[in-house]
Amino acid sequence: MWSLTFGARGAVAKGSGAAAGISLALRERQNRAIRTVSGEHLRWTPWFQTEAWRRTGLVVVAVSYAIFFFRMVRTGFRSWFSQDDLLNLYYCWSRPALDLLRANVLFVNNYNRPAAELLYRVLYSLFGFNPAASNAVRFAFCVANLAVLYIFVWRISRSREAGVIAVLLGGFHVATESLFLDTGMIFDVLAFFFYYSALTLYVKCREAGRFPGTRLTAGILVLSIFALNSKEIAVTFPVALLLYELTIGSGYAKQPQWRLPAVWQRFRLIVLSGFVTLAFIVGKNSGAEALSRLAGYHPTLSFSVYLDTYSRYAAAFTFLSPESIRPWLVWILAGCIGLALLARDRVLLWASLFNVFAVFPVAFIPARAGFAFEVPLAGWLVYLAIVICRLRERLIFGRDSLRAPSQLAVAAAIALLILNPQAGFMRKVMRPLVHEDQDLVRNTLESLRTILPGELAGKKVLSLRDPLRNPFGLGFLIQLSYNERGVTVDTARLLSQQSQAIVPADYDYVVDYVDSKFVMVRAPGSK
């Protein structure tokens, strides 16, 4: 038997020297003969170590999460326009379309977030005042963001497992529920998509040991501009690139080159992105309609404000109080950096530094809900996913036989301890809150439609009372739903704020909001 074995192996060795003349089929028969003679084919491989088992486990996790995700966001398909939608849609509808297109190229303009506003304008032009199209587009981008998050974390960590864990932890979070149910938050959805699509392209290129060429540089810059035009949270993009190059990217070069051509090649995209971002910041803070002039966007540059705001966002995602987090926040951020340095892990170091700086655009203004933290959240997902992977590997002592079962155990633990409680809270508390505002707008329009005529061109409407919080909201609603700029809509509240007299006789229609519905007070021909 030994002589036969060696003879077979010698034949293979001899055949390998003339590989060009041996067909793949013959080579496979020789390998099969070797396994048969040596008894290798009789060795039993545990079923949980097979590739089929790993793929089956991944499919189970993916399908289970897809079902969970759809159950959480399915009511978004019946979402209606919110009061924020009325303001956003009217803002871009009432201005020239050419100006909106130009605003996506020139940063000095009166449009704050022209990429998202362009989407509003296109959907309204194609489908009218119908939320179905907005719901479908929002859902498509939210699903795309799951893929973008997975690919980004996989690329930067070089671990598909980390990508899966990141999606499980933050692909959907109850703190960001409005991203999935409210088109008024499409700005953050688009910013995330373009921001991390651009960053993923850069990471993929650098992972291959290359620097972005002219075409790729242009593509990444275009994506970053779309991210900026979606929401100002994207001003940290050049910072993300710089941190990557100083931490992860420096590990790709055996000997760093500090000659000017080499330095320019390495930092070209970062410099160009920095100039684009600087132009954006200057442009958006210039003019009478600068975003920073609004009370809710006027920054207060203070380390104390940074800690207060960061603590509020952290509390939204951890279900703790901001007061309990704030004393520990500095230690948490410093501890993450220290752990990365101790582990000599470049990716953890990038994530920990990114977590410090990515929140800057929203850290010095009044805190919003969790949706505003969507872009900075990815840094924490990278960090946590890698730490979980490392802990799991240590707990099984690196044994291959336990790798797949332990990965499924981690996924099950996340589902049981994190996703399941969020599902109950989402269903009982958050979902009704989001839809309450939308239902108010829908009921308001339905009530108005029952008493107002089908055409209002050139007419004047006065509402003595109305249920919307924005004094201009009722006017936005009527003009948009009728697609008519020629109708004049006033409310008694708005006229009082403007110190104008309320003269019902000057209007064609006078309505009032009584017992949760509108009633006609005066119409043409009535006394």
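Here the structure is a predicted model, which is why all the values come from computation and not from measurement.

What follows covers the overall build of the protein chain. The secondary structure content of the protein chain amounts to 21 helices and four strands. Within the protein chain, the proportion of its 527 residues that are buried is 47%. Put simply, 76% of the contacts in the protein chain that link residues at least 6 apart link residues at least 24 apart. Of the roughly 26500 Å² of accessible surface on the protein chain, 64% is carried by carbon and sulfur atoms.

With that out of the way, let us pick up unusual backbone geometry. Positive phi outside glycine occurs at F319, with the angle close to 60°. Positionally, F319 belongs in the loop between α14 (303-318) and α15 (322-343). Residue classification places F319 among the partly exposed residues on the basis of a relative accessible area of 47%. At N483, a residue that is not glycine, the phi angle is positive and equals roughly 50°.

To continue, consider the packing of α14 against α15. The contact between α14 and α15 brings their axes to 8 Å, and the two run at 110°. In terms of axis orientation, α14 runs roughly perpendicular to α15. Residue-level contacts link F303, S304, Y306, L307, D308, Y310, S311, R312, A314, A315 and T318 of α14 to P322, I325, R326, L329, V330 and L333 of α15. Looking at the contact of α14 with α15 residue by residue, the class counts come to eleven nonpolar, three polar and three charged.

In a regular helix each residue adds 1.5 Å, so 14 residues correspond to 20 Å; helix α6 (residues 114-127) covers 20 Å between its end C-alpha atoms and thus fits that length. Listed in full, the buried residues belonging to α6 are P114, A115, A116, E117, Y120, R121, L123 and Y124. Just beyond α6, the residue with positive phi is G128, at close to 70°.

Taken together, the side chains of W264, V271, L272, F275, L278 and V282 present a nonpolar region at the surface, about 560 Å² in accessible area. Mapping L272 onto the fold places it in helix α13 (residues 260-284). The exposure class of L272 is partly exposed, given its relative accessible area of 31%.

Under the defined criterion, the tally for this structure stands at 18 salt bridges. The shortest N-O distance in the salt bridge between R469 and D84 comes to 3.3 Å. With a gap of 385 residues between them, R469 in the loop between β1 (460-463) and α20 (473-482) and D84 in helix α4 (residues 83-93) connect regions that are remote in the sequence. Taking relative accessible area as the criterion, D84 reaches 31% and is therefore assigned partly exposed.

Turning our attention to the packing of aromatic side chains. Counted under the stated rule, the structure contains 39 aromatic pairs. Their ring planes at 80° and their centres at 6.0 Å tell us that F68 and F172 sit as a pair that is edge-to-face. You can see F68 sitting in helix α3 (residues 51-73) and its partner F172 sitting in the loop between α8 (160-170) and α9 (177-181), a full 104 residues away along the chain. The exposure class assigned to F172 is buried, which follows from its relative accessible area of 0%. Plain terms: the ring middles of Y195 and Y196 are 4.8 Å apart, the flat faces sit at 55° to each other, and that makes the pair tilted. The exposure class of Y196 is buried, given its relative accessible area of 1%. An aromatic cluster of three or more residues is present, and its members are F303, Y306, Y310, Y313, F317, F357, F360, F364 and F373. Sitting over the face of the ring of W154, R155 holds its NZ or CZ atom 4.6 Å from the ring centroid.

What follows concerns the pairing of strand β4 (residues 517-522). Looking down a regular strand, the side chains alternate between one sheet face and the other. Taken together, the five bridges between strand β3 (residues 509-514) and β4 define a ladder with antiparallel strand orientation. By the bridge assignment, V511 is partnered in β4 with M520. Between β3 and β4, which pair antiparallel one after the other, the connecting turn spans two residues, and D515 there sits at a positive phi close to 55°.

Attention now moves to the confidence of the model for the protein chain. Chain-level statistics for the protein chain give a pLDDT mean of 87 and a share of 88% at 70 or above. Predicted confidence is poor over residues 1-22, with pLDDT under 50, and the contacts of this stretch with residues over four places away or in other chains come to twelve contacts.

Of note, S230 is situated in helix α11 (residues 214-230). Those residues in contact with S230, other than ones at most four positions away along the chain, are R113, A115, A116, F187, L190, A191 and F194.

Glancing now at α15. Along an α-helix, residues three or four apart share an orientation, since each turn contains 3.6 residues. For α15, with 22 residues, the first-to-last C-alpha span of 30 Å sits near the 32 Å given by 1.5 Å per residue. Buried residues of α15: I325, L329, L333, C336 and A340, and no others. Backbone geometry just after α15 places R344 at a positive phi near 55°.

Relative to the assigned elements, S463 resides in strand β1. Taking the relative accessible area as the measure of exposure, S463 reaches 1% and is therefore buried. With 27 residues separating them along the chain, S463 and D490 place their C-alpha atoms 6.4 Å apart.

Here is what the cut-offs are and how they apply
Residues numbered from 1 in each chain as written. Predicted model: local features only at pLDDT ≥ 70, side-chain atom pairs only at ≥ 80, totals over all residues. Heavy atoms only, no water. Helix = DSSP H or I, 4+ residues; strand = E, 2+ residues; numbered from the N terminus. Buried < 20%, exposed > 50% of the residue type's maximum accessible area, 1.4 Å probe, protein only. Contact = heavy atoms within 4.5 Å. Areas by Shrake-Rupley, 256 points an atom, 1.4 Å probe, with all protein chains shown as cover. Axes fitted to C-alpha atoms, helices over the stretch in contact; angles between N-to-C directions. Parallel < 35°, antiparallel > 145°, perpendicular 65-115°, else oblique. Nonpolar A, V, L, I, M, F, W, Y, C, P; charged D, E, K, R; others polar. Expected span 1.5 Å × (residues − 1). Patch = residues over 30% accessible without salt bridge, like charges linked within 9 Å, V, L, I, M, F, W, Y side chains within 5 Å. Salt bridge = Lys/Arg side-chain N within 4 Å of Asp/Glu carboxyl O. Phe/Tyr/Trp six-rings, centres within 6.5 Å; stacked < 30°, edge-to-face > 60°. Lys NZ or Arg CZ within 6 Å of the ring centre and 35° of its normal. Pairing = 2+ DSSP bridges. pLDDT = per-residue confidence, 0-100.

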